[in-house]
Structures are given as C-alpha cells and as structure tokens.
Amino acid sequence: MRPLALTLGDPAGIGPEVTWKAWERLRGNPELAFAVIAPPSALKRVSRSEHPLALLEDISEASDQFSHALPVLPIEGNAAIPGQADPVHADTITRSIQTAVTQALLGQADAVVTNPIAKDVLYRAGFSFPGHTEYLGALCKGVAAPYHPGPVMMLTAPDSENRDLRVGLATIHIPLQTTSGSLTPDVVMSAARTLLGALKLDFGIENPRLAVCGLNPHAGENGALGTEEQDVINPVCRLLRSEGHDISDALPADTLFHAEARLTYDGVLAMYHDQGLIPVKTLDFHRGVNVTLGLPIVRTSPDHGTAFNIAGQGIARPDSLIAALRKAREIATHRHGH
Ligand SMILES: NC(=O)c1ccc[n+]([C@@H]2O[C@H](COP(=O)([O-])OP(=O)(O)OC[C@H]3O[C@@H](n4cnc5c(N)ncnc54)[C@H](O)[C@@H]3O)[C@@H](O)[C@H]2O)c1
Ligand SMILES: N[C@H](C(=O)O)[C@H](O)COP(=O)(O)O
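Residues numbered from 1 in each chain as written. Chains lettered and ligands numbered in written order. Predicted model: local features only at pLDDT ≥ 70, side-chain atom pairs only at ≥ 80, totals over all residues.

Some points on the domain arrangement of the protein chain
For clarity, the cut-off: Annotation comment: domain bounds sourced from an automatic or database domain assignment. The way it works is that DSSP assigns letters per residue, a run of H or I at least four long becomes a helix, a run of E at least two long becomes a strand, and they are numbered from the N terminus. The nonpolar class holds Ala, Val, Leu, Ile, Met, Phe, Trp, Tyr, Cys and Pro. Asp, Glu, Lys and Arg form the charged class, and all remaining residues, Gly among them, are polar.
Annotation of the protein chain at the domain level lists domain 1 (1-143 + 316-338) and domain 2 (146-294). A separation of 28 Å is found between the C-alpha centroids of domain 1 and domain 2. Mapped by element, the contributors of at least two residues to the side of domain 1 that touches domain 2 are helix H6 (132-139) and helix H12 (319-336). In the side of domain 1 that touches domain 2, the residues fall into 5 nonpolar, 5 polar and 5 charged.

Some details on the site of ligand 1
Keep this limit in mind: Placing the C-beta atom from the backbone, one calls a residue near a molecule or strand if that atom lies within 6 Å of it.
What surrounds ligand 1 is a group of 19 residues, the closest being Pro-116, Ala-118, His-304, Gly-305 and Arg-317. Residues belonging to the shell around ligand 1 are distributed by class as follows: 8 nonpolar, 8 polar and 3 charged.

With respect to the environment of Ser-190
Quick note on the threshold: To sort residues by exposure, count the other C-beta atoms lying within 10 Å of each residue's C-beta; 20 or more gives buried, 12 or fewer gives exposed, and values between give partly exposed, all with C-beta atoms placed from the backbone.
With respect to the secondary-structure elements, Ser-190 resides in helix H8 (residues 185-201). Assessed through the 18 C-beta atoms surrounding it within 10 Å, Ser-190 is described here as partly exposed. Put simply, Ser-190 and Ser-63 are 127 residues apart on the chain and 37 Å apart in space, counted from C-alpha to C-alpha.

Focus: the UniProt feature "binding site: substrate" (unreviewed entry) in the protein chain
To keep it simple, the criterion reads: UniProt positions are given in the numbering used here, feature names are shortened, and annotations may be inferred rather than shown by experiment. It is the C-beta atoms, placed from the backbone, that decide contacts: two residues are in contact if theirs lie within 7 Å.
UniProt's feature table lists "binding site: substrate" (unreviewed entry) at His-132, Thr-133, Lys-281, Asn-290 and Arg-299, given in the numbering used throughout. Here Thr-133 lies in helix H6. With respect to the secondary-structure elements, Arg-299 resides in strand E12 (residues 299-302). According to the C-beta neighbour criterion, Arg-299 is buried, with 27 such atoms within 10 Å. Setting aside its immediate chain neighbours within four residues, Arg-299 contacts Ala-111, Val-112, Thr-114, Leu-136 and Thr-292.

Structural data, given as structure tokens:
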C-alpha cells in the first residue's frame, strides 16, 4: 500500500487548515496515510497544532511519519495571507498538482486528493483549464485509463442511511448558455460509458443501474418543451441498452433525487453542472466528495471550494476532505486491491 498524495490547493483558502485538522483526526489510521505536496511555510502559517511537520525526501516515507507528524513533500513557494487570494501563488498551486499526478502515475502514490483551488485566481495567472478535472485529464493524456476514458466529474455523498448518491456530469464547467449545443450524442455516450465503467471498477457494482436526466423541464414533455431528449439523449440510451447496459431513457430531473427514487439506481448521469451537483451538495455538503472518473489514476477532492470568507478563522470543517481521503482509498482498493 502506498500513501495518498494530497495537493496544497489555494494556500489563501481553507485547504491548509483542513489539512491539519484531517491529519489530526486520521493519524491513527495507517491505511489513510498521506503526504501534502506544499511549501512548508504555507502549512506552518495556519498551524494551531502542537505537532510538527515531517519533511520527506521521498513520498514513501509518509507512512512511517504519519502517526506523529504531518508528512510534507516540500516544493518551493510562499505562505499566503488567509482569505487574500493572489495569483502570485498560481505556480505553486499547479506544481503541487503536477507533482501529485507524477507520483500517482509512477505508482508511488495510490491516489491524488486535491485541496480546493479558486478557478478565477488561476485564470488571472494564465491557467487555461476550467478546473482540476480538465487539467488532470490533460496531465494524464496518453496514459490508458482502466475503462472508457474521461475525464468525467462525479460528485457523491451519503444519505442518512449511508447509501451513496453518485452523480456524473455530461458537461462540466461551461456557461449554461452553451449547454444545449455541447450535448452531442458523442458527449453523452462517452460520459455514460465512463460512468458505467467507473461504477463497475471503481465502486465495485457488478451490474450498475444508471438513471439519466433530461435537459428540459419534464424531460421535454414528448418534445413540446425541448427536443434534446428525443434527438440526442434517448438514442444514446437505446444503443447502450441494446449492448446490455441497465440504463434509463431521459427522465425528469426534478423527481429523480428524492429518497424513494434514489433506491432505483446506482448512479445518475446529469446533463450539466448544477443539475447534478445541487442534489449531492444538498444531501450532505460536509461528506460530499468530488471524484474524477476515467483517469489512469485515482483522484478525489472535497466537494467544497476555497471558502475565502472563513479562511484563517479556525472554523473550517475537515469532514469533506476526510471523506475524500477515505473515498480515494476505497476506490484504489477496488482498482488495485489495496
Ligand atoms: N475542489 C475544488 O477545487 C473546488 C470545489 C468547489 C469550488 N471551488 C472554488 O472555490 C471558490 C469558492 O467557491 P464557492 O464560494 O462557490 O464555494 P465554497 O465551497 O468555497 O463556499 C460555500 C460556502 O460554504 C462554506 N464552506 C465551504 N467549505 C466549508 C468547510 N469545510 N467548513 C465550513 N464551511 C465551509 C463557505 O464558508 C461558504 O459560505 C470558487 O473559486 C470555486 O471555483 C473549488
Ligand atoms: N465543479 C466542482 C464543484 O463545484 O464542486 C468544483 O468546481 C471542482 O471542480 P474541479 O475538481 O474540476 O476543480
């Protein structure tokens, strides 16, 4: 078993604080050993812990250090002022992500877990990817994924009985105005295949049942309220059913996420960002996890963002980061047996 590689995220956000808190809660848990890839000063700046950092030369040392010190694989960079986003940190943020991906591709880390980044801060520094998901897809390009390649964004959270809601997205970080035009048969087909592959391999569900959201109110009401369901989504679903997959036609999204409906499927394919993410983050914001499907590496992240409004106040909850670390280990175990 190899450690998990945790990225810094935006050092002015709550990432460094929840990293310390997550480590303090998990340090008795060797299978969740992780190393943060960060400038040590960025972690010291927000530390309220009596425990030290362990500066590593090699990520494999994380497991031995994990019980008594926060393991750090050091990179260059500076501490940030909590709450004050600054594009000056962009290079450090992206270097942390690149290093984590390299460690995972080399098999030195079992998964990458990312702390949150503020997209607009990176855009101001010239970052050309909409978010982690697309950036990770580019960093892993050319390395085969174990099932239909993504990247596809999935958010997952447990209900009160610990049954997971899992929602993958056909489109991710694009303006709502362009969503309909982006929903081609290829896009929907590819996302559905990736999601079905992930439910089997990453989540261990042998014959996954996939429910598909329509785009329009009432899934188009037989074409009267929109035709994407008839023209694009349903033909894809029919083709996948003819191959033996258990997948619905486009269903009205507003009635797909209540408790009884959630018992009828193992995963949902949503057509756009908020359609899929609102139900998950509403179900349990503090245990929600973002998973990138269809990569050659395992990647998870908390479902929350940089929360600049509370950074530095000591009140950020580490629960979602802890859930992301647990989910990363769970998926790695399904994929690799450890
Ligand atoms: N995984 C990621 O990298 C990721 C995920 C979502 C948003 N973002 C980015 O984060 C930035 C801010 O996004 P936002 O304001 O929409 O969402 P946010 O999740 O940062 O904050 C939403 C609200 O939830 C609160 N909150 C968030 N996490 C919390 C925690 N752990 N404990 C207690 N309260 C918490 C915040 O204080 C805020 O009031 C954006 O730039 C966005 O791009 C990044
Ligand atoms: N869309 C995600 C969310 O709202 O939770 C978030 O922006 C993170 O996306 P990346 O993992 O692609 O950065």
